[in-house]
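Now for the letters of each chain:
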Amino acid sequence: MDQLLQLHGTPLSNYYNKVKIALLEMGFAFTEHAHLPNSGSWPGSGSPSGKIPFLVTTEGPIHESQAILEYLEDVRPGVSLYPDDAYRRARCRELIQYLELYVEAPARALYPAAFWGKELACETVERAVETIASGISTLARCAQFEPHLCGESFTHADSVAWVHLNTVAMALKRVTGANPIPAWLPAVPGYLERLAERPSIRHVEDDRRAAARASRG
Ligand SMILES: N[C@@H](CCC(=O)N[C@@H](CS)C(=O)NCC(=O)O)C(=O)O
């Protein structure tokens with residue numbers, strides 16, 4: 001079944017890379033298929049929301065990155081990127097929610113200016129920065145960072161932190177001229193440097209950079 005897993009999307013997407021890190025870390029064989037957001041038509045190709053990534057399995061497609069991670073967990077009993085016991089697994093999923101709902105989602109207000117050359121009102125930027133700062137302080141209260149977000153082992157929370165903290169930092173820097181995350185949460189730079197050494201993350205980062213170079217022409 002492994003050979004038939006197809007990951008659709010683009011290496012420029014943080015959510016695509018979240019799933020790709022999980023596939024690599026958990027040892028799945030998969031192929032990658034270029035698919036831009038809001039392309040293709042549903043049903044038939046693409047996704048019901050227009051969003052990427054999606055994973056095509058022998059039984060059909062799965063959309064939404066978190067549903068895909070849970071599927072990967074379910075089809076490979078014994079191979080998991082969650083902690084062993086139920087309580088710590090719940091706390092790990094809690095960190096994923098904090099990162100996605102309270103850090104990455106508010107940063108989306110900055111993406112039109114950061115990545116697509118649009119103008120933004122000052123108050124939109126200020127509100128986004130305040131909301132991201134609040135999300136980071138929530139994360140700071142619950143995450144460990146030493147060496148990983150949930151403690152000793154690398155988990156899905158770390159792949160999520162890698163893709164979103166880097167994307168949000170890039171957006172903040174491009175829009176405001178500086179990345180305030182290290183000042184808000186000093187453990188972040190060292191943590192990201194450690195993660196950057198992992199083979200799965202190097203692989204994903206090399207592909208992301210190559211895709212960014214290709215998109216600039
Ligand atoms: N909740 C979705 C978010 C995925 C997402 O927002 N993907 C972006 C690319 S990084 C996208 O497809 N955006 C197009 C759109 O929102 O219309 C997931 O976890 O998969």
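Right, let's walk through the structure included here. (Residues numbered from 1 in each chain as written. Predicted model: local features only at pLDDT ≥ 70, side-chain atom pairs only at ≥ 80, totals over all residues. Heavy atoms only, no water.)

Remarks on the sheet that holds strand 2 (residues 31–34)
Next up, step 1: Judged by pairing direction, the sheet is mixed, and its 4 strands sit side by side in the order 2-1-3-4 without closing on themselves. Looking at the sheet topology across the chains shown, the edges are occupied by strand 2 and strand 4 (60–63). Averaged over all pairs of adjacent strands, the angle between strand axes in this sheet comes to 25°, irrespective of strand direction.
Next up, step 2: Of the strand pairs in this sheet, strand 1 (residues 6–9) and strand 3 (residues 54–57) are connected by 3 bridges, and their pairing is antiparallel. Of the residues in strand 3, the one forming a bridge with Q6 is V56.
Next up, step 3: The strands touched by helix 1 (residues 14–25) are strand 1, strand 2 and strand 3; relative to strand 1, the strand with the most contacts, the crossing angle is about 160°. (Pairing = 2+ DSSP bridges. Helix = DSSP H or I, 4+ residues; strand = E, 2+ residues; numbered from the N terminus. Axes fitted to C-alpha atoms, helices over the stretch in contact; angles between N-to-C directions. Contact = heavy atoms within 4.5 Å.)

Concerning the environment of E100
Next up, step 1: Position of E100 relative to the elements: it lies in helix 3 (residues 86–107).
Next up, step 2: Excluding residues within four positions of it along the chain, E100 makes contact with Y15, K18, A105, V160 and H164.

Some details on helix 8 (residues 187–196)
Next up, step 1: By the burial criterion, the buried members of helix 8 are V188, Y191, L192 and L195. End-on, the buried residues of helix 8 take up no more than an arc of 95°, which puts them together on one face. (Buried < 20%, exposed > 50% of the residue type's maximum accessible area, 1.4 Å probe, protein only. Arc of directions from axis to C-beta.)

Here we look at the site of the ligand
Next up, step 1: The immediate surroundings of the ligand are formed by S13, N14, Y15, P37, N38, K51, I52, P53, E64, S65 and R108.
Next up, step 2: Contact distances for the ligand include 3.1 Å between an oxygen atom and a side-chain N or O atom of N38.
Next up, step 3: At a separation of 2.8 Å, a nitrogen atom of the ligand approaches a polar backbone atom of I52.
Next up, step 4: Coverage of the ligand by the protein amounts to 77% of the 510 Å² it exposes when considered alone.
Next up, step 5: If you map the ligand onto the pockets, it falls in the largest pocket.
Next up, step 6: Among the residues making up the shell around the ligand, the classes are represented as 4 nonpolar, 4 polar and 3 charged. (Near = heavy atom within 4 Å. Polar contact = N/O pair within 3.5 Å; in protein donor to acceptor, adjacent residues only side chain to side chain. Areas by Shrake-Rupley, 256 points an atom, 1.4 Å probe, with all protein chains shown as cover. 1 Å grid on protein atoms, 1.4 Å probe; cavity = no way out; pocket = protein on both sides within 12 Å on 5 of 7 lines; lining within 4 Å. Sits in = over half its atoms within 2 Å of the grid points. Nonpolar A, V, L, I, M, F, W, Y, C, P; charged D, E, K, R; others polar.)

That's the geometry; what it means functionally is another story.
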